[in-house]
Amino acid sequence: MELEKEWWKNPLVLDIHASLRKREMTLPVYNAQSPQIHLRRYLIDWLATVVDYFEFCLPARHLAVYLADFFMDRYDIDEQQLHLVMLGALLVAIKFEETEINIPKTSDLDKRVPNNNSYSLSMYLQMELVLLKCFDWNVYWPTPAHFIDYYLCSAVDETDVHGGQKMSSLEMAKTYLSRYAAYFLEVSLQDS
């Protein structure tokens, strides 16, 4: 999506927000009908460890989960290929959300696959291509992670009160709110 790091501080913030909201309203319907739905939580937890290991941005993680969910909702995937699907979705997401320097080699990603399984470069490329074709090459899908900083920057103000009193520490309030938001973003990924 190559938005600047803090797009919510850009003079065009209202236009960017409106564009994200408009696109959000056109997302495909997720039916949660995947034959592999019983493995979803495990796969998302595993993907989180990969994202954390490489320190990818939060929107990339959320987009990868969206892509994997919608793809798995449409197809019956062999369980041996589920990690490849998740990594393929992650590769598409990080190529969309991260800068080029942050995109790992597939051989580095491959080291994160459990049970000593591995995939060849051609398998990764083929998986990316299958995913992109599945979504008609359109992976501009806003997720809650794309909106959170925009809403957090205006969620707490110096004029706010707590318990009838002016807040003693605006920064502390923002820190707590940010932590709660991060927690709920995490929980939102687990909800199918």
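The coordinates are above.
Residues numbered from 1 in each chain as written. Predicted model: local features only at pLDDT ≥ 70, side-chain atom pairs only at ≥ 80, totals over all residues. Heavy atoms only, no water.

Student: Whenever I open this one, the environment of R74 confuses me. Can you help?
Tutor: Relative to the helices and strands, R74 resides in helix α3 (residues 58-74). Residues in contact with R74, not counting those within four places in the same chain, are P28, C134 and F135. A distance of 2.9 Å separates a polar side-chain atom of R74 from the backbone oxygen of C134. (Helix = DSSP H or I, 4+ residues; strand = E, 2+ residues; numbered from the N terminus. Contact = heavy atoms within 4.5 Å. Polar contact = N/O pair within 3.5 Å; in protein donor to acceptor, adjacent residues only side chain to side chain.)

Student: Is there a simple way to think about helix α1 (residues 13-24) in this case?
Tutor: Because an α-helix packs 3.6 residues into every turn, residues spaced three or four apart end up facing the same way. Here α1 is twelve residues long and its end C-alpha atoms lie 16 Å apart, about the 16 Å a rise of 1.5 Å per residue gives. The complete set of buried residues in α1 reads V13, I16, H17, L20 and R23. When α1 is viewed along its axis, its buried side chains cluster within an angular range of 130 degrees and face the same direction. Facing away from the buried side of α1 by more than 90 degrees, the exposed set consists of L14, D15 and K22. Residues of α1 that are buried sit in contact with α7 (144-152). (Expected span 1.5 Å × (residues − 1). Buried < 20%, exposed > 50% of the residue type's maximum accessible area, 1.4 Å probe, protein only. Arc of directions from axis to C-beta.)

Student: Mind showing me how you'd approach the side chain of H62 here?
Tutor: In this structure, H62 sits in helix α3. The residues contacting H62, other than those within four sequence positions of it, are T143, P144, A145, L185, S188 and L189.

Student: What is the right way to read unusual backbone geometry from this model?
Tutor: Most peptide bonds adopt trans geometry, and most residues besides glycine take a negative phi value. Of note, A32 is a non-glycine position whose phi angle comes to about 55 degrees, a positive value. Tracing the sequence through the fold places A32 in the loop between α1 and α2 (40-54). Judged by its relative accessible area of 26%, A32 falls in the partly exposed class. If you check the backbone angles, W137 has positive phi at about 65 degrees while not being a glycine.

Student: Before we go on, may I ask you to explain a nonpolar patch on the surface in this structure?
Tutor: A cluster of nonpolar side chains, namely M172, Y176, Y180, Y183, F184 and V187, defines an oily patch on the protein surface of about 680 Å² accessible area. Within the secondary structure layout, Y183 lies in helix α8 (residues 170-190). (Patch = residues over 30% accessible without salt bridge, like charges linked within 9 Å, V, L, I, M, F, W, Y side chains within 5 Å. Areas by Shrake-Rupley, 256 points an atom, 1.4 Å probe, with all protein chains shown as cover. Salt bridge = Lys/Arg side-chain N within 4 Å of Asp/Glu carboxyl O.)

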